[in-house]
Amino acid sequence: MRKEFLIIVAVILLMIFSISYVYPPFLWSLIIVGPLIILGFWDYFQHKRAVLRNFPIIGHFRYLFEMIRPEINQYFVESNTDGVPFSREQRSVVYQRAKKVLDTLPFGSQMDMYEVGYEWINHSLAPAHVDPKSLRVVIGGSECKKPYSASILNVSAMSFGALSKNAIMALNQGAKMGNFAHNTGEGGFSKYHQMGGDIIWQIGTGYFGCRTEDGGFNPNQFAETSQSEQIKMIEIKLSQGAKPGHGGILPAAKITKEISELRGVPMGEDVNSPPAHREFDTPVGLLEFVRKLRDLSGGKPVGIKLCVGKRREFLAICKAMHETGIMPDFISVDGAEGGTGAAPLEFSNHIGTPLVPALIFVHNALVGYSLRDKIKVISSGKIASGFGIVKQICIGADLCSSARAMMMALGCIQALRCNTNLCPVGVTTQIPNLVAGLVVSDKKVRVAAYHEETVESVSDLIGAMGISHTDDLKPWHLMKRVGPNETKHYGEIFRYLEDGELLSEDLPIDFKRACDAAVTYSFRHINDINV
Ligand SMILES: Cc1cc2nc3c(=O)[nH]c(=O)nc-3n(C[C@H](O)[C@H](O)[C@H](O)COP(=O)(O)O)c2cc1C
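Keep in mind it's a predicted model, so treat the numbers as computed, not measured.

A.B. asks: Any chance you could explain the pattern of salt bridges here in plain terms?
C.D. replies: Two side chains of opposite charge can pair, provided their charged atoms sit close to one another. Inspection of the entire model under this criterion finds 24 salt bridges. Two residues, Arg 294 and Asp 329, come together in a salt bridge whose shortest N-O distance is 2.7 Å. Placement of Arg 294 in helix H10 (residues 283-296) and of Asp 329 in the loop between helix H11 (311-324) and strand E11 (330-334) is noted, with a sequence separation of 35 residues between them. Take Arg 294 and Asp 329: they sit in the same class, and that class is buried. Across the pair Arg 495 and Glu 501 runs a salt bridge whose closest N-O atoms are separated by 3.2 Å. One network of salt bridges, in which partners are shared, links Glu 143, Arg 291, Arg 294 and Asp 329.

Laid out in structure tokens, this is it:
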């Protein structure tokens, strides 16, 4: 098209000047045509974009369509059930519940119930009435002096930095209205979190908010901040599903002066938190850090968050718990399908265990070491509906947290721009004009309403199953189509261990190799330690 472009420009200019010769006002058409021709020549001579060099002017349509591709997909291409990461149906139910508008489905399910993978729960002929307010879970083991009564649905970790200040304020005020917990994410406990809602203070590898000048852990600052009445629990982040083993990423574009001061990091460059903690590098070391934080905080529940990777390493932590008697009060299991503000593609797509096998493994490991009744398990990874929560609790969790569904309650339209600082609805941006679009007084009500209606949906579902509390949900309550003519419950699909089974001499075959290789004084394989 390069040659054609030159010919077309020459023809157009010739036409304009010829017509103007007989009709002079026609020369005004250059006001429109002139800038286009200049743009065309700029495209023609620039060296960076081959499409524009070869297709001056019209090549820009490619970039325009690329820019609005997610919207085109959403508005014109995707069906109700196939959008990713969240389908239209999943997004709509969050919006409807957040706005407290009609959330029923007309005419019947659009799901293919005969497709392999389809899941359902069996109802009872003796349904129960369940008060949604009774669906609370107490977190805090024997070493904890200040147990916390948590909702079954909470706001998963998202930092001020990844999210705007208005988003953080709306989440926290929503958490206050709805009596549930709001996790700070690894970016620290900012003033925008201090709106009265219950807080889970997350401590990541960057120790933001309790950090020494050289990037280590500052016990004095931790002790001081953790005394806040608002902070109910502390979570040590080991990894997250969307980028396990990578450490947090805050793109340079999102680092304002305020965020750089809060985190103690420079402006103008990406902040990559280190992949590992400096305070410990062994399973026992991790548990000692748990105990240290619990003591420094005056006895608040302390937990760990991880995406399951090498099974041996988690088993090593369980062995260390069994040996030392020190244990976290809760473990947050994040599935590889979990969300993030920004992550390398390979990490998001190909590292980490997806939530279902991860959760069942963690549950089994704790049962196997006879620890399950002492530690609560929180699960996260694409949970958006009442069924999502019931499923997680059936297969091994005690309670759940959600990041992206809470973002949708805040108005997120899944524009997929969280990593660019250009979020069109003010959720994941630091640009003041965009942040202003998110009105805290309106969105806090939506966050609280979404939580309330979703927990109510859980109470309706378990009521239909004839169960009066989520504590009574079991793997055999959840069914799955595993073949065209075969269905099984989760207790049949996955093996669930008996209490203490990993403490016996005769280890289950599917755990034996990993258990034998796990040691409490190193995360490495036993055979690699003294080499
Ligand atoms: C914008 C954004 C920021 C996040 N920031 C953090 C973080 O600071 N720390 C963390 O442990 N997880 C972080 N996550 C992961 C979530 O806490 C959660 O584990 C994950 O998104 C799974 O939940 P979801 O599927 O409900 O989104 C973030 C997720 C999103 C979407």
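A.B. asks: When you look at the packing of aromatic side chains in this model, what are you seeing that I'm missing?
C.D. replies: Aromatic ring pairs are described here by two measures, namely the spacing of the ring centres and the angle between the planes. Applying the stated criterion to the full structure yields 18 aromatic pairs. Consider the rings of Phe 217 and Phe 222, whose centres lie 5.7 Å apart with planes at 55 degrees: the pair is tilted. Accessibility expressed as a relative area gives 6% for Phe 217, which makes it buried. Here the aromatic residues Trp 201, Tyr 207, Phe 217, Phe 222, Phe 280 and Phe 289 are joined through ring pairs into a cluster of three or more.

A.B. asks: In this structure, what is going on with the site of the ligand? I would like to understand it.
C.D. replies: Lining the immediate environment of the ligand, one finds 23 residues, of which Ala 157, Gln 202, Lys 305, Lys 382 and Arg 404 sit closest. Between an oxygen atom of the ligand and a side-chain N or O atom of Ser 156, the distance comes to 2.8 Å. At a separation of 2.6 Å, an oxygen atom of the ligand approaches a polar backbone atom of Ala 157. Coverage of the ligand by the protein chains reaches 98% of its 600 Å² of free accessible surface. Among the residues making up the shell around the ligand, the classes are represented as five nonpolar, 12 polar and six charged.

A.B. asks: Explain the side chain of Ser 87 here, please?
C.D. replies: Take Ser 87: it is sitting in the loop between helix H5 (69-77) and helix H6 (88-99). Beyond its immediate sequence surroundings of up to four residues, Ser 87 is in contact with Asn 80, Thr 81 and Asp 82.

A.B. asks: Would you mind going over the sheet that holds strand E14 (residues 478-483) with me for this structure?
C.D. replies: In a beta sheet, neighbouring strands are held together by backbone hydrogen bonds and run either parallel or antiparallel to one another. Here we have three strands laid out as an open sheet, ordered E1-E14-E15, and antiparallel in their pairing. Whereas interior strands pair on both sides, the edge strands pair on one side only; in this sheet they are strand E1 (119-121) and strand E15 (486-489). Pairs of neighbouring strands in the sheet enclose a mean axial angle of 30 degrees, with direction left out of account. Sheet analysis places E14 next to E15, joined by four bridges and oriented antiparallel. Bridge assignment links Gly 483 to a residue of E15, and that residue is Glu 486.

A.B. asks: Quick question: what am I supposed to make of the layout of surface pockets here?
C.D. replies: Take a probe with the size of a water molecule and roll it over the atoms, and the empty space left behind shows itself. Size it by volume and the largest pocket reaches roughly 1900 Å³. In terms of lining residues, the largest pocket is bounded by 49 residues, among which Glu 89, Gln 90, Met 111, Ser 385 and Phe 387 are the most central. For the lining of the largest pocket, the secondary structure elements donating two or more residues are H6, E1, helix H13 (355-368), helix H14 (386-395) and helix H17 (440-464). Of the residues assigned to the lining of the largest pocket, the class counts are 16 nonpolar, 18 polar and 15 charged.

A.B. asks: I keep staring at the pairing of strand E13 (residues 399-402) and nothing clicks. Help me out?
C.D. replies: The side chains of a regular strand alternate between both faces of the sheet. Taking every second residue as pointing to the same face, both faces of E13 are buried, with Leu 399 and Ser 401 on one and Cys 400 and Ser 402 on the other. By the bridge criterion, two bridges tie strand E12 (residues 376-380) to E13 in an arrangement that is parallel. Paired with Ile 378 across the two strands is Leu 399, which belongs to E13. Taking the sense of rotation as the criterion, the β-α-β connection linking E12, H14 and E13 turns out right-handed.

A.B. asks: I keep staring at the environment of Ser 79 and nothing clicks. Help me out?
C.D. replies: Structurally, the position occupied by Ser 79 is in the loop between H5 and H6. Through-space distance from the C-alpha of Ser 79 to that of Phe 330 is 38 Å; in sequence the pair is 251 residues apart.

A.B. asks: Any chance you could explain empty space enclosed by the protein here in plain terms?
C.D. replies: Summed over all chains, the structure comprises two cavities of 30 Å³ or more. Reported here for the largest cavity is a volume of approximately 120 Å³. For the largest cavity, the lining is made up of 18 residues, of which Asn 183, Ile 200, Glu 235, Ile 378 and Ser 401 are closest to its centre. Put simply, the parts of the chain that give the lining of the largest cavity at least two residues each are strand E3 (148-151), strand E4 (153-155), strand E5 (181-183), strand E7 (231-237), E12 and E13.

A.B. asks: Honestly, H10 in this entry has me stumped. Any pointers?
C.D. replies: Two residues of an α-helix separated by three or four positions point the same way, owing to the 3.6 residues in each turn. Across its 14 residues, H10 extends 20 Å between first and last C-alpha, which sits within 8% of the 20 Å expected from 1.5 Å per residue. For H10, the elements touching its buried residues are strand E6 (198-203), helix H8 (219-226), E7, strand E10 (302-306) and H11. Two residues or fewer past H10, Gly 298 is found with a positive phi of approximately 85 degrees.

A.B. asks: Any chance you could explain the packing of H11 against H13 here in plain terms?
C.D. replies: The description of two helices packed together rests on the angle between their axes and the distance between the axes. Remark: H11 packs on H13, axes separated minimally by 10 Å, with the N-to-C direction vectors making an angle of 30 degrees. Relative to H13, the element H11 is oriented roughly parallel. Where H11 crosses over H13, the two elements pack in a sense that is right-handed. Contacts between H11 and H13 involve Arg 311, Phe 314, Leu 315, Cys 318 and Met 321 on the former and, on the latter, Phe 361, Val 362, Ala 365 and Leu 366. Tallied by class, the residues present in the contact of H11 with H13 amount to eight nonpolar, no polar and one charged.

A.B. asks: I keep staring at the nonpolar core and nothing clicks. Help me out?
C.D. replies: Most often, soluble globular proteins have nonpolar side chains that are buried together. Ranked by internal contacts, the top residues of the largest apolar core, which has 121 residues, are Phe 314, Leu 315, Met 321, Ile 331 and Leu 366. The element best represented in this core is H13, accounting for nine residues. Residues in contact with Leu 366, not counting those within four places in the same chain, are Phe 314, Cys 318, Met 321, Ile 331, Leu 371, Arg 372, Ile 375 and Val 377.

A.B. asks: Explain a nonpolar patch on the surface here, please?
C.D. replies: A cluster of nonpolar side chains, Met 1, Ile 8, Ile 12, Phe 55, Ile 58, Phe 61, Leu 64, Phe 65, Met 67 and Ile 68, forms an exposed patch at the surface whose accessible area comes to about 900 Å². Those elements that place two or more of their residues in the nonpolar patch are helix H1 (2-22) and helix H4 (60-67). The element best represented in the nonpolar patch is H4, accounting for four residues. Relative to the helices and strands, Ile 8 resides in helix H1. The class of Ile 8 is partly exposed, set by a relative accessible area of 45%.

Criteria and thresholds
Residues numbered from 1 in each chain as written. Predicted model: local features only at pLDDT ≥ 70, side-chain atom pairs only at ≥ 80, totals over all residues. Heavy atoms only, no water. Salt bridge = Lys/Arg side-chain N within 4 Å of Asp/Glu carboxyl O. Helix = DSSP H or I, 4+ residues; strand = E, 2+ residues; numbered from the N terminus. Buried < 20%, exposed > 50% of the residue type's maximum accessible area, 1.4 Å probe, protein only. Phe/Tyr/Trp six-rings, centres within 6.5 Å; stacked < 30°, edge-to-face > 60°. Near = heavy atom within 4 Å. Polar contact = N/O pair within 3.5 Å; in protein donor to acceptor, adjacent residues only side chain to side chain. Areas by Shrake-Rupley, 256 points an atom, 1.4 Å probe, with all protein chains shown as cover. Nonpolar A, V, L, I, M, F, W, Y, C, P; charged D, E, K, R; others polar. Contact = heavy atoms within 4.5 Å. Pairing = 2+ DSSP bridges. Axes fitted to C-alpha atoms, helices over the stretch in contact; angles between N-to-C directions. 1 Å grid on protein atoms, 1.4 Å probe; cavity = no way out; pocket = protein on both sides within 12 Å on 5 of 7 lines; lining within 4 Å. Points joined across faces, edges and corners; volume = space filled by probe spheres on them. Right-handed = clockwise from strand over helix to strand, strands pointing away. Expected span 1.5 Å × (residues − 1). Parallel < 35°, antiparallel > 145°, perpendicular 65-115°, else oblique. Left-handed = near helix turned anticlockwise from the far one by under 90°. Core = buried A, V, L, I, M, F, W, Y, C linked by side-chain atoms within 4.5 Å. Patch = residues over 30% accessible without salt bridge, like charges linked within 9 Å, V, L, I, M, F, W, Y side chains within 5 Å.

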